[in-house]
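# A closer look at the structure
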Amino acid sequence: MKTIAVIFGSRSAEHDVSIVTALSAVIKPLELTKKYNIEAVYISKEGSWYWDDKLKDISLYQSGNIESFMKKAPKVHLLYDNGLTLVKSSQFAGRKAYKKIDVVFPATHGTHGEDGELMGLLEMANVPYVGCDLPSSAIAMDKVTSKVIAQSEGIETPKYEFLHSDTFALKGNEIIAELEKSLNYPLFVKPARLGSSIGISRVETSRELVNAIEVATHYDSKVVIESAVPNLIEVTVPILGNEEMMPALVEEPISPEDGVFDFYTKYMNQGKGGKKMGGVKQGSQGYSKLPADIPDDLYDKSIEVAKKMYKAVGCGGIARIDLLIDSKAKKVYFNEINPMPGSLYAHNWRASGVSNVELVDKLVDLAEKRWSQKQKYTTTFSTNFLKQF
Amino acid sequence: MTLKNCIVDGLSIKYEVLGDSKETILMLHGWADSHKTFTPLVGLKDRYCLILVDLPGFGSSETPKEAWGLKEYSKFVADFLTKIGRKDVYAVIGHSNGGAIASYGLANNILFAKKLVLISSSGVRDQEKNKKKLLKVLTKTGKLATAWLPQETKSKLRNKLYENAGSDMLAAPNLQESFKKIVSHDIQEEVKKINQKTLILYGQEDKATPPSYGKVFEQNITNSSLEVLPGAGHFVHQELPNEVYSKISEFMESK
């Protein structure tokens with residue numbers, strides 16, 4: 001039986017969201033396949049690593065008992081030996097427990113994980129892992145870099161500018177004037193490398209713009225400011241696959257009045273809005289139409305743009321591409337990519353005919369295939385360089 | 001409803017602004033509570049602009065990196081109001097610890113307003129002394145008596161002990177140092193400097209801040225009046241929403 005390590009948590013504002021993704025959408029379905037032995041690896045908010053079966057139980061985190069667990073539990077060592085082995089003290093006569101890992105399933109969101117950092121560790125270990133690789137994760141997590149890629153592929157993006165917190169601190173007023181010259185209100189201000197709507201604001205005046213940049217720079221040193229798309233319909237397209245791509249249904253989240261889902265609306269009120277909205281089908285966030293209620297041509301264009309972006313960024317395994325549609329001009333703009341969609345967007349895959357169990361099984365298979373492919377390339381070659389030295 | 005967001009003193013702060021009147025009422029919630037505590041009073045927005053803020057460490061706002069007392073909290077409130085461009089407010093309504101922050105701020109000219117409403121306000125510490133002493137003794141003896149127990153059982157027992165001693169500390173474990181700082185600060189003398197017209201409301205059955213605290217505030221604040229509402233406890237504005245609402249409305253309209 002193959003052993004899969006599911007890694008989750010980490011030093012991220014989306015730490016708690018990651019616990020839910022790992023426990024409900026990854027570990028449980030993987031166990032249901034009865035094909036794998038699952039090891040839960042939890043990274044605390046402070047960055048300590050733990051490996052224990054107890055970490056598979058959601059009540060550990062809900063009750064706050066995770067704190068006392070961490071006080072007692074041994075931390076994990078990672079052993080790199082052309083592969084990855086988890087090592088910890090077994091607390092029995094000074095012996096150590098070892099577990100060789102066949103595949104890693106990263107289930108982190110946001111910083112120090114989904115942004116490519118974790119994938120870097122796994123690349124170094126030369127272990128197969130699920131989802132986007134290091135470069136594609138890093139590109140996807142940066143809203144500016146991913147827009148540059150989109151433009152280079154001829155995919156439209158909303159008009160945008162970006163700035164660094166240091167520059168803003170130095171010449172705030174000047175920058176506001178420049179932004180107002182090149183972009184028209186209403187504008188969206190976002191931390192460039194954060195997900196889950198944290199620190200995002202919609203602004204209509206200079207005063208609001210200054211405040212929004214201050215809020216965004218509280219979370220990230222790089223901030224993107226972009227024009228709002230008129231006659232907006234937001235859609236999102238989850239995609240599965242490596243070279244061969246399989247899109248799920250185009251999903252339409254329903255925006256609140258001010259156009260921004262904040263973290264709390266998105267994750268804390270799940271279902272409430274959905275219930276109130278009568279005929280609207282509930283997505284994972286409780287606020288979405290599945291499939292999106294848009295004309296066929298825009299539906300097809302959305303899938304086409306999403307696939308093009310997935311390929312251009314070099315995504316693998318799974319990712320979700322967010323798009324913005326101007327329904328009158330019939331234009332589809334690229335917004336952003338999420339390399340690890342919250343709970344894998346399992347609700348959408350289910351509606352698309354892929355169960356959560358099939359989904360994780362397929363992802364493990366894709367991870368192994370990509371890894372095998374990579375092994376074919378030569379990474380070392382002999383020289384007499386050292387002898388000449 | 002998406003909350004507004006701003007950065008004050010390096011902390012991300014969430015707040016709500018309701019109503020568009022020029023006359024502003026600032027509402028400060030109590031310990032381990034959030035701006036939502038004032039939901040029964042939001043009807044005031046038809047006549048006033050209401051500012052409801054999640055104080056640092058509570059609701060959706062970030063936690064201060066060091067221990068904050070009443071001084072730091074009231075300075076924060078002043079900085080927050082400056083940040084959102086509402087430095088002078090018509091009135092401040094404070095519940096429990098929010099009342100203590102408002103009183104401290106107004107008494108020391110950190111905050112400025114024409115009127116003050118104290119709902120089940122804390123800040124009078126004398127009568128808590130005995131309880132605190134009890135807590136201290138219990139905690140100490142508790143530590144000794146449980147020294148031989150495993151860590152988990154020990155902390156469970158200690159939690160029980162704290163609960164029995166009536167401590168609010170556990171409601172916000174990451175703010176224990178701030179809590180200690182606040183409960184050791186008695187403001188009975190300082191409130192004598194408050195010259196704003198003040199309405200003081202207490203629930204007759206309030207155990208956390210008994211109506212006797214209200215008496216102290218009434219005696220020490222020159223232009224104040226105390227009303228004790230029968231049948232209500234510490235969350236009098238939630239337990240008797242209509243009565244509290246109409247008393248505050250009337251007070252706001254009065255000259």
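Because the structure is predicted, anything quoted here is derived from the model rather than measured. (Residues numbered from 1 in each chain as written. Chains lettered and ligands numbered in written order. Predicted model: local features only at pLDDT ≥ 70, side-chain atom pairs only at ≥ 80, totals over all residues.)

### A closer look at the overall build of chain B
Of regular secondary structure, chain B possesses eight helices and eight strands. The buried share of chain B, taken over its 255 residues, is 40%. In chain B, the share of contacts with a sequence separation of at least 24, taken over all contacts with a separation of at least 6, comes to 72%. (Helix = DSSP H or I, 4+ residues; strand = E, 2+ residues; numbered from the N terminus. Buried ≥ 20, exposed ≤ 12 C-beta atoms within 10 Å, placed from the backbone. Contact = placed C-beta atoms within 7 Å.)

### Examining the overall build of chain A
Each helix and strand in chain A was counted, giving 15 helices and 17 strands. For a compact globule of 389 residues, the expected C-alpha radius of gyration is about 21 Å, and chain A comes in at 22 Å, within 12% of that figure. For chain A, the spread of C-alpha atoms along the three principal axes comes to 65 × 65 × 45 Å. The buried share among the 389 residues of chain A stands at 43%. A fraction of 67% describes how many contacts in chain A between residues 6 or more apart in sequence connect residues 24 or more apart. (Rg over C-alpha atoms; globule rule 2.2 N^0.38 Å.)

### Observations regarding helix α6 (residues 143–152) of chain A
Residues and elements named next belong to chain A. Turning to α6, its buried residues number three or more, namely Lys 143, Ser 146, Lys 147, Ile 149 and Ala 150. Seen from one end, α6 has its buried residues packed into an arc of 160°, which puts them on one side. Across α6 from its buried face, at more than 90 degrees, point the exposed residues Gln 151 and Ser 152. For α6, the secondary structure elements touched by its buried residues are α5 (134–141), β8 (160–164), β9 (187–191), β11 (222–227), α12 (296–313) and β17 (331–338). Count one or two residues on from α6 and you reach Gly 154, which has phi positive near 75°. (Arc of directions from axis to C-beta.)

### Section: the pairing of strand β8 (residues 224–229) of chain B
Across six bridges, the pairing between strand β7 (residues 197–203) of chain B and β8 of chain B is parallel. Across the sheet, the residue bridging to Thr 198 of chain B is Ser 224 of chain B, located in β8 of chain B. (Pairing = 2+ DSSP bridges.)

### Things to note about the sheet that holds strand β1 (residues 4–8) of chain B
Residues and elements named next belong to chain B. Spatial strand order, β1-β2-β4-β3-β5-β6-β7-β8: eight strands in an open sheet with mixed pairing. Across the chains shown, the open sheet's two edge strands, defined by having one partner strand only, are β1 and β8. With strand direction ignored, the average angle separating the axes of adjacent strands in the sheet is 20°. Summarising the sheet, strand β6 (residues 113–119) and β7 pair through five bridges and their orientation is parallel. What sits directly across from Val 117, in β7, is Leu 199. Lying on the sheet, helix α1 (residues 70–83) is in contact with β1, β2 (11–18), β3 (24–28), β4 (49–53) and β5 (89–95); it crosses β1 at an angle near 120°. Helix-sheet contacts for helix α8 (residues 241–253) involve β5, β6, β7 and β8, and the interaxial angle to β7 is about 170°. (Axes fitted to C-alpha atoms, helices over the stretch in contact; angles between N-to-C directions.)

### Points about the domain arrangement of chain A
Residue and element names in this part refer to chain A. One can read the domain layout of chain A as domain 1 (2–130), domain 2 (140–155 + 230–372) and domain 3 (160–227). Between domain 1 and domain 2, the contact holds 22 residues from the first and 18 residues from the second. Contributions of two or more residues to the side of domain 1 that touches domain 2 are made by α1 (15–32) and β7 (103–106). Per element, the largest residue contribution to the side of domain 1 that touches domain 2 is nine residues, and it comes from α1. Within the side of domain 1 that touches domain 2, the residues separate by chemical class into 14 nonpolar, six polar and two charged. (Domains from an automatic or database assignment. Nonpolar A, V, L, I, M, F, W, Y, C, P; charged D, E, K, R; others polar.)

### Observations concerning unusual backbone geometry
All names here are of chain A. The peptide bond linking Tyr 185 to Pro 186 adopts the cis configuration, its omega dihedral lying at -5°. Structurally, the position occupied by Pro 186 is in the loop between α8 (172–182) and β9. Leu 290 connects to Pro 291 through a cis peptide bond whose omega is 0°. Here Pro 291 shows up in the loop between β15 (288–289) and α12. Positive phi, normally seen in glycine, also occurs at Lys 330, with a value near 55°.

### Remarks on the confidence of the model for chain B
Residues and elements named next belong to chain B. Per-residue pLDDT for chain B averages 87, and the proportion of residues at 70 or more is 80%. Per-residue pLDDT stays below 50 along residues 161–167; that stretch engages in 13 contacts with residues further than four places along the chain or on separate chains. Across the interfaces of the predicted complex, the ipTM metric reaches 0.74, alongside a pTM of 0.78. (pLDDT = per-residue confidence, 0-100.)

### What about the nonpolar core?
By size, the foremost hydrophobic cluster in this structure holds 82 residues, and its most contacted members are Val 6, Val 104 and Leu 323 of chain A. No other element matches α1 of chain A, which puts nine residues into this core. Looking at this core, you find at least three residues from each of domain 1 (2–130) and domain 2 (140–155 + 230–372) of chain A. The residues touching Val 104 of chain A, leaving out its near neighbours within four places in the chain, are Ala 5, Ile 7, Leu 84, Leu 122, Val 127 and Tyr 129 of chain A. Core analysis: the second largest hydrophobic core is formed by 62 residues, Ala 107, Val 117, Ile 194 and Val 216 of chain B among them. (Core = buried A, V, L, I, M, F, W, Y, C linked by C-beta atoms within 7 Å.)

### As for the pairing of β9 of chain A
Residue and element names in this part refer to chain A. Across the five residues of β9, five count as buried, placing the element largely inside the fold. Across the two faces of β9 the burial is the same, with Leu 187, Val 189 and Pro 191 and Phe 188 and Lys 190 all buried. In terms of strand pairing, β9 meets strand β10 (residues 201–203) through three bridges, oriented antiparallel. Residue pairing in the sheet places Phe 188 in a bridge with Arg 202 of β10.

### Focus on helix α14 (residues 356–375) of chain A
Residue and element names in this part refer to chain A. The end-to-end C-alpha separation of α14 is 29 Å, in line with the 28 Å expected for 20 residues at 1.5 Å each. Among all positions of α14, only Asn 356, Leu 359, Val 360, Leu 363, Val 364, Leu 366 and Ala 367 are buried. Buried residues of α14 fall within an arc of 160° about the axis and therefore sit on the same side. In α14, the exposed positions that point more than 90 degrees away from the buried face belong to Ser 372, Gln 373 and Gln 375. At its buried positions, α14 is contacted by β1 (2–9), α1, β7, β12 (232–241), β16 (317–326) and α13 (346–351). (Expected span 1.5 Å × (residues − 1).)

### Overview of the sheet that holds β9 of chain A
All names here are of chain A. On the basis of which strands lie adjacent, the open sheet formed by four strands has the order β8-β11-β9-β10 and antiparallel pairing. One side of each edge strand has no neighbouring strand; the edge strands of this open sheet are β8 and β10. Strand-to-strand twist across the sheet, computed as the mean angle between neighbouring axes with direction ignored, equals 25°. Looking at chain direction, β9 and β11 are connected through five bridges and run antiparallel. When the sheet's bridge partners are listed, Pro 191 is paired in β11 with Val 223.

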